Amino acid sequence: MRRQWTSTAGIVITALLTLFLVVPVLLSVYAGLSVNYARGPSAGFTLDWVGQVWGLYADTVWRSLVVALLTLVATLLMGVPGAYALVRKGGRFARAVEEIVTLPVAVPGLALALALILSYGGAGAFRQSTLFIVVGHVLFTLPFMMRSVIAVLETIDWRTLDEAAASLGSPAWRRFLDVILPNVRPGTVAGALTVVTLSIGEFNLTWMMHTPTTKTLPVGLADAYASMRLEIASAYTIVFLIMVIPLLIAVQLVADLTEKRTKS
């Protein structure tokens, strides 16, 4: 009886927490589809607000996708080899480097953005380019990629695999491509999807670094809430959800697929 009561209480608490998180999102979607939110459902529903948002902010959607893709490429090129190098080196030096790389996660986004502005603010063209936003996103997301790969490397006997390949005459670069990369695929996939999701949703860092010509989706969302009528701002939320929810579903599907392949 006591166990049943505990289970029921857990279900009720979980349901209440879910409602607490989901209801505001649903209300925002409702507002973005309603003709007039203040008049309620009797005013009817429309997609005109979504169309207006797309006409006003379509560039922020595409820019967010470009920034996320470039951030992903950069973190893959630096994070995967970097994680392998740290695990291979080991010792205090490797741990110190790992702590330094992880530091941007602990530092507030505004502080990190200010540091980048102070460092590169004098480079006018670079400062006003989308690439400047990418640099900030790479610094913020690189630790997530590296930690995902390091976690996998620490669970496999990569050293034995590497030594076996070396005994067959394989050079170091070939061993990394043919032996290490296939074995850290689950960490790479998890890190890649985390990087993309974080990049698209990052606001604090981007808000501080952006210019009027380099707004991303979250910054445009904040501007819409601050300057537009409620229905248009809520419609922007719908556009944001249309981009983010498929990514979250993809995270789960790819993670499940990778786990099945690993077990088989």
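Conventions we followed
Residues numbered from 1 in each chain as written. Predicted model: local features only at pLDDT ≥ 70, side-chain atom pairs only at ≥ 80, totals over all residues. Heavy atoms only, no water. Helix = DSSP H or I, 4+ residues; strand = E, 2+ residues; numbered from the N terminus. Buried < 20%, exposed > 50% of the residue type's maximum accessible area, 1.4 Å probe, protein only. Contact = heavy atoms within 4.5 Å. Salt bridge = Lys/Arg side-chain N within 4 Å of Asp/Glu carboxyl O. Core = buried A, V, L, I, M, F, W, Y, C linked by side-chain atoms within 4.5 Å.

Per an unreviewed UniProt entry, the chain goes by the name ABC transporter permease subunit and belongs to Mesorhizobium captivum.

K.L.:
Let's hear about the overall build of the chain: which residues, and what values?
P.N.:
Of regular secondary structure, the chain possesses twelve helices and zero strands. Along the chain direction, N to C, the helices and strands of the chain fall in the order α-α-α-α-α-α-α-α-α-α-α-α. Projected onto its principal axes, the C-alpha coordinates of the chain cover approximately 75 × 70 × 30 Å. Scored against the burial criterion, the 264 residues of the chain give a buried share of 38%. Counting only contacts in the chain whose residues sit at least 6 apart along the sequence, the fraction spanning at least 24 positions is 73%.

K.L.:
Can you break down the pattern of salt bridges residue by residue, with the values?
P.N.:
Scanning all chains against the criterion turns up five salt bridges. Measuring nitrogen to oxygen at the nearest pair gives 3.1 Å for the salt bridge that ties Asp 162 to Arg 88. One end of the pair, Asp 162, is in helix H7 (residues 158-167); the other, Arg 88, is in helix H2 (residues 48-89), with 74 residues separating them in the sequence. Exposure remark for Asp 162: the relative accessible area of 4% places this residue in the buried category.

K.L.:
Outline the nonpolar core, supporting the account with residue identities and numerical values.
P.N.:
Among the nonpolar cores identified, the biggest contains 42 residues, and Val 53, Met 145, Val 149, Leu 153, Ile 180 and Tyr 236 are the most heavily contacted of them. Elements supplying a minimum of two residues to this core: H2, helix H6 (130-153), H7, helix H8 (172-183), helix H9 (185-201), helix H11 (217-227) and helix H12 (230-263). Considering every element that reaches this core, the biggest residue donor is H2, with twelve residues. Look past the residues within four positions of Ile 180 in its chain and what remains in contact with it is Tyr 84, Leu 153, Trp 158 and Arg 175. With twelve residues, the next largest nonpolar core counts Leu 116, Phe 132, Ile 133 and Phe 140 among its residues.

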